[in-house]
Amino acid sequence: MRKRISAAMIAMAALAVSGCSSSKPAPTQETTTVSPETTAQETKSAAKETEAPETKAEETKSSVAPIKLPDYHYTRENFPRMDGSTATVPLGKAIASAFLDSSEAEVDDLCRFNRTTQSFRNLLAGDADILIVGEPNAKVFKEMEEAGFKYRIENFATDALIFVVNEDNPVDSLTTDQIRDIYSGKITNWKEVGGNDAEIVPFQRNEGAGSQALILKHIMKDTPMMDAPKGLVATEMGELMTAVKSYDNSANAIGYSVYYYANDMKMAKGLKIIAVDGVSPNPETIRSEEYPHRNAYYSVIPEDADPTDEHVKGARVLYDWLVSTDGQRLISKMGYVSVMDVSSYGDSVSDTGHNHQDNFTRLNDAPAGTLTDVTPGGDYGMLIPYDGTSLYVSYGYGADGEDADGYSYLAGYMSGFFDTKGRLITDPVYNSIRVIDYYDYVEKNEISLPYYRAVKYDLPYDSVAFNSEEVTLPSESIHQKLISKDGSFVSPEYGYISGMRDHVLCKSTDETNDFVIYDLNADVVMTYDELNKANDGMIAKKLNQGEYLCEVSYSDGYYVFYLNDGYYYVDADTKKIVLGPYNYAEPFKDGRAFVRVGNFASVIDKTGKEYIGSGYDMADVLRNGYSVGKNDAGTDLYGKDGKLLKKLPVCNSIGVYDWGFYQTFPSDSGWYSVYYDNDGNELLNDEENIWNCGEKSPVAYAYGTKNGPENVNFENSEGIWLKNLLTGKSKFIEGASYAYPFYTIEGTADVPYIKVTTYANEDLDASECVYDEGFNEVFHIDNGYVNITSDVLTNEWLFVCDDSHGNHYSLYDRSFKPLAETESYPEVYENYIVSTCDNASIGLDPKGKEIFCYEMKGAYGNE
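The following refers to the structure shown.

The rules behind these values
Residues numbered from 1 in each chain as written. Predicted model: local features only at pLDDT ≥ 70, side-chain atom pairs only at ≥ 80, totals over all residues. Heavy atoms only, no water. Buried < 20%, exposed > 50% of the residue type's maximum accessible area, 1.4 Å probe, protein only. Helix = DSSP H or I, 4+ residues; strand = E, 2+ residues; numbered from the N terminus. Pairing = 2+ DSSP bridges. Axes fitted to C-alpha atoms, helices over the stretch in contact; angles between N-to-C directions. Core = buried A, V, L, I, M, F, W, Y, C linked by side-chain atoms within 4.5 Å. Contact = heavy atoms within 4.5 Å. Parallel < 35°, antiparallel > 145°, perpendicular 65-115°, else oblique. Nonpolar A, V, L, I, M, F, W, Y, C, P; charged D, E, K, R; others polar. Salt bridge = Lys/Arg side-chain N within 4 Å of Asp/Glu carboxyl O.

### Some remarks on the pairing of strand 36 (residues 634–638)
Alright, step 1. Within strand 36, five of the five residues are buried, which leaves it mostly tucked inside the rest of the structure.
Alright, step 2. Of the two faces of strand 36, the one carrying Gly634, Asp636 and Tyr638 and the one carrying Thr635 and Leu637 are both buried.
Alright, step 3. Of the pairings in the sheet, the one linking strand 35 (residues 627–631) to strand 36 comprises five bridges and is antiparallel in character. In the sheet register, Ser627 faces strand 36, and the bridge partner there is Tyr638.
Alright, step 4. As defined by bridge partners, strand 36 adjoins strand 37 (residues 644–648) across four bridges and the pair is classed as antiparallel. Across the sheet, residue Asp636 finds its bridge partner in strand 37, namely Lys647.
Alright, step 5. The turn joining strand 36 and strand 37, which pair antiparallel and follow one another in sequence, is formed by five residues; a positive phi near 85 degrees is taken by Gly642.

### Things to note about the environment of Asp326
Alright, step 1. Along the chain, Asp326 falls in helix 10 (residues 325–333).
Alright, step 2. Considering only alpha carbons, one finds Asp326 and Pro70, 256 residues apart in sequence, at a separation of 9.0 Å.

### Brief notes about the pairing of strand 41 (residues 682–686)
Alright, step 1. Bridge count for strand 40 (residues 670–677) against strand 41 is four bridges, and the pairing is antiparallel. Counterpart to Tyr676 in the pairing with strand 41 is Glu682.
Alright, step 2. If you look at the hairpin formed by strand 40 and strand 41, you'll find four residues sitting between the two strands, and Gly680 has a positive phi there, around 90 degrees.

### Let's talk about the sheet that holds strand 50 (residues 777–782)
Alright, step 1. Spatially, the four strands line up as an open sheet ordered 47-48-49-50, and their pairing is antiparallel. Of all strands in the sheet, those bounded by a partner on one side alone are strand 47 (738–740) and strand 50. The average undirected angle you get between the axes of adjacent strands in this sheet is 15 degrees.
Alright, step 2. Note: strand 48 (residues 753–759) against strand 49 (residues 766–772), seven bridges, orientation antiparallel.

### Re the nonpolar core
Soluble globular proteins tend to pack their nonpolar side chains together in the buried interior.
Alright, step 1. In terms of nonpolar packing, the biggest core is built from 33 residues, with Phe79, Met82, Ile95, Phe99 and Leu318 touching the most fellow members.
Alright, step 2. Sequence-distant contacts of Ile95, that is, excluding residues within four places in its chain, are made with Phe79, Ile132, Leu318, Leu322 and Leu330.
Alright, step 3. If you look at the next biggest cluster of nonpolar residues, it comprises 31 residues, including Ile182, Trp190, Val279 and Val337.

### Overview of the packing of helix 2 (residues 116–125) against helix 3 (residues 138–146)
Alright, step 1. It is the contact of helix 2 with helix 3, at a shortest axis distance of 10 Å, that shows an interaxial angle of 10 degrees. Put simply, helix 2 runs roughly parallel to helix 3. Residues Thr117, Phe120 and Arg121 of helix 2 lie in contact with helix 3, whose contacting residues are Lys139, Val140, Glu143 and Met144.
Alright, step 2. Looking at the contact of helix 2 with helix 3 residue by residue, the classes come out as three nonpolar, one polar and three charged.

### Quick notes on unusual backbone geometry
Most peptide bonds adopt trans geometry, and most residues besides glycine take a negative phi value.
Alright, step 1. Residue Pro581 is reached from Gly580 by a cis peptide bond, and omega for that bond is 5 degrees.
Alright, step 2. With respect to the helices and strands, Pro581 occurs in strand 30 (residues 577–582).
Alright, step 3. With phi around 60 degrees, Asp556 is a residue other than glycine that occupies positive phi space.
Alright, step 4. Non-glycine residue Lys575 carries a positive phi angle of around 65 degrees.

### Looking at the pattern of salt bridges
Alright, step 1. According to the stated counting rule, one finds 25 salt bridges in the structure shown.
Alright, step 2. In this structure, the salt-bridge partner of Arg180 is Asp177, at a minimum N-O distance of 2.6 Å. With Arg180 and Asp177 both in helix 4 (residues 176–184) and three residues apart, this pair spans about one turn of that helix.
Alright, step 3. Judged by relative accessible area, Asp177 falls into the partly exposed class, the value being 46%.
Alright, step 4. Across the salt bridge formed by Asp341 and Arg287, the nearest N and O atoms sit 3.9 Å from each other. Here Asp341, found in the loop between strand 13 (337–338) and strand 14 (361–362), pairs with Arg287, found in helix 8 (residues 283–287); they are 54 residues apart in sequence, far enough to count as distant.
Alright, step 5. For Arg287, a relative accessible area of 10% puts it in the buried group.
Alright, step 6. One salt-bridge network, held together by shared partners, links Glu443, Arg623, Asp658 and Lys696.

Pasting the structure below:
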């Protein structure tokens with residue numbers, strides 16, 4: 001079986017860009033609505049900024065005036081459908097973040113760009129409203145011409161292909177011909193171009209890589225490129241720019257990159273960007289077209305779209321704004337070279353972090369690059385993941401030259417481990433480190449286990465394989481190990497690892513039934529052979545009839561195995577099948593479990609006895625141990641002893657919350673619900689379909705006016721009503737916009753709170769209040785948001801607050817006691833905190849003191 005995994009998780013792109021001419025935009029009318037004092041990316045004031053070196057793309061600094069957003073009210077509902085190149089995703093996120101006054105994480109779903117060529121086709125098909133895109137090939141324009149498709153196109157930014165040498169190299173400039181001769185092997189010594197008497201070490205990319213295609217097209221042209229020794233080819237884990245500045249501790253190397261990354265991503269530290277044909281790349285020379293190797297970026301909208309459509313209106317406003325002074329300022333702030341010179345405004349290139357430096361000791365003073373695996377040991381205290389090498393992924397420059405997106409964008413990081421003593425235990429050698437988790441049927445949420453899944457990939461050398469957002473890797477190229485949180489246990493290599501309650505199942509590959517199951521002490525508690533032997537060979541017979549074993553869960557002393565012909569309960573002690581087969585089965589909780597037999601649902605005990613009889617099409621177990629079942633005759637409530645307690649009306653469906661359950665009924669306008677507590681007492685008949693309820697807390701919420709809750713939308717509401725369904729107490733919060741329980745990826749956090757959001761003005765500056773179940777305000781934040789997270793090793797619920805622009809984060813415990821302040825979103829590992837800012841991964845102890853810092857380096861590999 002071959003796995004499909006995201007290219008962003010495994011591919012590191014080389015940095016390059018094609019050259020072309022760009023047209024100048026006509027002046028456009030400036031807008032008047034003033035945004036908050038900073039955009040969603042800005043955090044530093046001009047007073048704190050320092051003048052950058054000439055080789056950086058920093059613009060002249062002066063007093064900074066606020067960037068004005070368009071005089072148009074954008075919402076998620078009317079926001080134009082953007083599409084474009086992978087290279088312009090950062091700009092798309094910045095636009096959506098600023099226009100909707102949300103964090104980039106909150107607008108990520110609005111910026112799923114489909115690459116250059118496909119984005120144009122989406123525009124043509126009516127599946128996009130505006131493109132923010134790199135220059136396409138001629139084939140795209142021909143397709144639109146043949147379809148009679150009319151469009152507007154405007155050049156809003158430019159980038160450039162640059163060349164870098166070690167900062168100690170005396171050569172400051174090369175001609176295009178000299179670069180061509182260096183990479184063809186004609187020039188081999190720096191003295192031939194005015195440098196030292198030293199051999200030139202020309203780093204290049206592997207054959208087929210995107211940047212290799214660029215240099216062939218724009219520099220080499222018809223001249224063959226020399227074959228580079230293997231050691232001088234940056235491949236799957238190659239760090240081309242790092243290699244140029246550190247090769248043999250000499251100043252002999254040369255390499256290439258993209259101006260955007262060398263500047264904005266600060267990849268040029270320790271390097272020198274040289275002039276080409278006597279012109280140094282900087283915003284002015286790139287903008288004026290003096291620098292020879294450039295690439296344009298465009299905004300594109302349909303000419304004949306319906307002007308009354310809200311998405312079309314928003315797209316045209318954005319189209320004009322991008323080439324306005326304020327739009328150009330945002331583009332410049334994002335590190336792109338705006339076509340308009342806006343340097344006099346003093347906007348700094350976005351930089352959300354500080355200049356952190358390495359702060360760690362290496363395990364056993366091991367040389368750099370030699371700590372490639374965790375050695376099992378007992379003195380780590382605890383292992384904690386960190387982000388190391390930055391990964392940049394790019395799709396495009398395929399074999400046919402299609403989808404040439406220009407350059408890559410930040411896709412993730414290579415990872416390593418440090419310990420609670422601040423020691424670096426491994427270099428960043430893993431493609432992924434994640435805590436093992438699983439969906440818990442009892443808690444109805446995602447739960448973590450005290451193990452890490454550490455993954456390494458064997459990457460293909462053929463970069464054409466990376467010309468899509470998914471890359472197919474054979475199972476044998478995916479190497480996983482199970483590592484205990486304290487580092488005392490490191491498993492053999494596995495191809496498949498899956499969590500369940502208190503256990504982890506591992507297989508050598510996903511195409512096998514042979515497994516081992518570890519408990520939380522890293523002891524093997526069951527193997528395939530043991531299970532098969534205990535059941536007289538029955539397991540092998542069943543698993544040979546269909547799919548490979550993959551679905552196993554556990555709780556309350558019993559495993560649930562899916563063995564192709566159904567679900568079976570296996571006693572953890574005897575390893576024998578004791579119940580089954582069922583069409584579906586969930587783990588036991590409090591001695592009871594939900595099962596499905598044929599088309600019917602039931603609740604059974606550990607002997608297989610049905611608590612609620614048969615004939616129900618829906619059934620579940622309540623938090624108090626009662627059971628509820630629904631069929632065409634009505635809904636029945638059973639006690640812990642299996643006796644019928646109540647009969648409720650016939651309904652369409654039932655659902656279960658921690659605090660009770662509900663029935664749904666049809667109505668003229670759709671559906672409505674009736675809510676009950678766990679004892680079957682009716683709490684609320686919501687015939688008008690006004691209220692919304694959360695799974696963990698009995699507090700319901702609804703729009704309304706001072707006179708009471710009403711079935712109205714946000715625009716017609718005067719505020720939010722809260723109602724505790726168990727106590728009957730209610731509260732009206734005038735002016736509030738929204739109310740929500742604290743949702744997680746897989747459910748709702750088990751915290752006794754509800755949050756209420758109020759937007760203070762048209763700029764959508766938000767304040768949020770958190771109320772307990774008695775409607776006492778327990779926390780409040782102005783111009784920011786409060787969200788739920790958890791300690792991934794202890795599963796303890798925590799709160800994270802960030803300002804409206806996502807530039808500052810505060811971590812609190814579940815009682816809102818302050819724990820730490822971080823520059824980026826914090827991850828918590830048994831009270832230790834890790835945050836990854838622009839240039840470093842930082843580890844804090846439980847008191848918030850820094851114990852570890854790893855300064856990031858850029859990595860480039862196959863695109």
